[in-house]
Each structure stands twice: as structure tokens, then as C-alpha cells.
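# Topology and contacts: notes
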Amino acid sequence: QVQLVESGGGLVQAGGSLRLSCVTSGMIFSLNDMGWYRQAPGKERELVAGITSRSNTNYVDSVKGRFTISRDNAKNTVYLQMNSLKPEDTAVYYCNLASITGRAPRNNYWGQGTQVTVSS
């Protein structure tokens, strides 16, 4: 079975940085396009960054230039480096499979997520 375990969140001041990790199992990780999603209270879950099996990347406009997604196939892990954090980045962050459509997958792979809180 697929397992996705996120970590690395925390409380930071605006302008600070965090590095999130997502360790995967139960899949051939190197073949999958992966993404980081976030959800704030009262808002829809959104894809913020995606990375293909070939390590091509894309980002939602609001995080371009600040966030960097990467992957380490030897560790079955995808990362999200978040710099210049803003209060509006506050959300629970999840990893999952990603599609060019940007829509959150309707699967049962979602993990616990990791909370990111940015104070002003």
C-alpha cells in the first residue's frame, strides 16, 4: 500500500524558511509525478508545486521564486524548500501524486500533512 509521510513544518516568522520532506513507500517512486498541496481553513486544497519523474517543475504563481520542489529518487523522497515565507502561506501541507491539471487526486493516499504557520 502507498504511504506518504510529511514532515518539516513549524512556526516561523515572515521572511523565514522551512524545508518540508515527504517520504513515500508502496510505489515505484521514480516513475511518478509528485506534488505538494496545501489547505488553509475554509479554503480548497491547492497544488502549489509539482515535479515530474524527469524532475521538471512547476509552481502556482503565488509561490514562484520563493519555493523550490525537488526529489531524491534514491530516498523515495520529495522536498519543498520554502523561502521568504508570508503569512498567507499558512496551511497544512501535503504531498501526493500530481497531474498537469493541478487538481488534487481523489485517492486514499493522503497522509497527516505537516502544519506550516507563518507569523507577521
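Quick caveat: nothing in here was measured; it's all calculated off a predicted structure.

Turning next to the overall build of the chain. The helix and strand inventory of the chain stands at zero helices and 10 strands. Reading the chain from its N end, one meets helices and strands in the order β-β-β-β-β-β-β-β-β-β. Against the compact-globule benchmark of 14 Å for 120 residues, the chain has a radius of gyration of 13 Å, which places it among compact chains. In terms of principal-axis extent, the alpha carbons of the chain reach across some 40 × 25 × 25 Å. Taking all 120 residues of the chain together, 39% fall into the buried category. Accessible area for the chain stands at about 6600 Å²; split by element, carbon and sulfur atoms hold 46% of it.

Once that is clear, we can look at the environment of Glu88. Locating Glu88 in the fold gives a position in the loop between strand E8 (77-82) and strand E9 (91-97). A relative accessible area of 54% means that Glu88 is categorised as exposed. When the C-alpha positions of Glu88 and Asn56 are compared, they lie 26 Å apart, and in sequence the two are 32 residues distant.

A word on unusual backbone geometry. One non-glycine residue, Ser55, lies in positive phi territory at about 70 degrees. Its location among the elements puts Ser55 in the loop between strand E5 (46-51) and strand E6 (57-59). Among the residues examined, Ser55 registers a relative accessible area of 42% and is labelled partly exposed.

Glancing now at the nonpolar core. Counting 26 residues, the largest nonpolar core has Trp36, Val78, Leu80, Met82 and Tyr93 as the members making the most contacts within it. When neighbours within four sequence positions are excluded, Met82 is seen to be in contact with Gly16, Ser17, Leu18, Leu20, Arg66, Phe67, Tyr93 and Val116.

With that settled, consider the sheet that holds strand E10 (residues 114-119). Taken in spatial order, the six strands of this open sheet run E2-E10-E9-E4-E5-E6, and their pairing is mixed. The open sheet has two free edges, formed respectively by strand E2 (10-13) and E6, since each of these has just one partner strand. Put simply, the sheet's adjacent strands are angled 25 degrees from each other on average, direction ignored. Where E9 and E10 come together, three bridges link them in antiparallel fashion. For Ala91, the partnering residue across the bridge sits in E10 and is Val116.

Parameters and conventions
Residues numbered from 1 in each chain as written. Predicted model: local features only at pLDDT ≥ 70, side-chain atom pairs only at ≥ 80, totals over all residues. Heavy atoms only, no water. Helix = DSSP H or I, 4+ residues; strand = E, 2+ residues; numbered from the N terminus. Rg over C-alpha atoms; globule rule 2.2 N^0.38 Å. Buried < 20%, exposed > 50% of the residue type's maximum accessible area, 1.4 Å probe, protein only. Areas by Shrake-Rupley, 256 points an atom, 1.4 Å probe, with all protein chains shown as cover. Core = buried A, V, L, I, M, F, W, Y, C linked by side-chain atoms within 4.5 Å. Contact = heavy atoms within 4.5 Å. Pairing = 2+ DSSP bridges. Axes fitted to C-alpha atoms, helices over the stretch in contact; angles between N-to-C directions.

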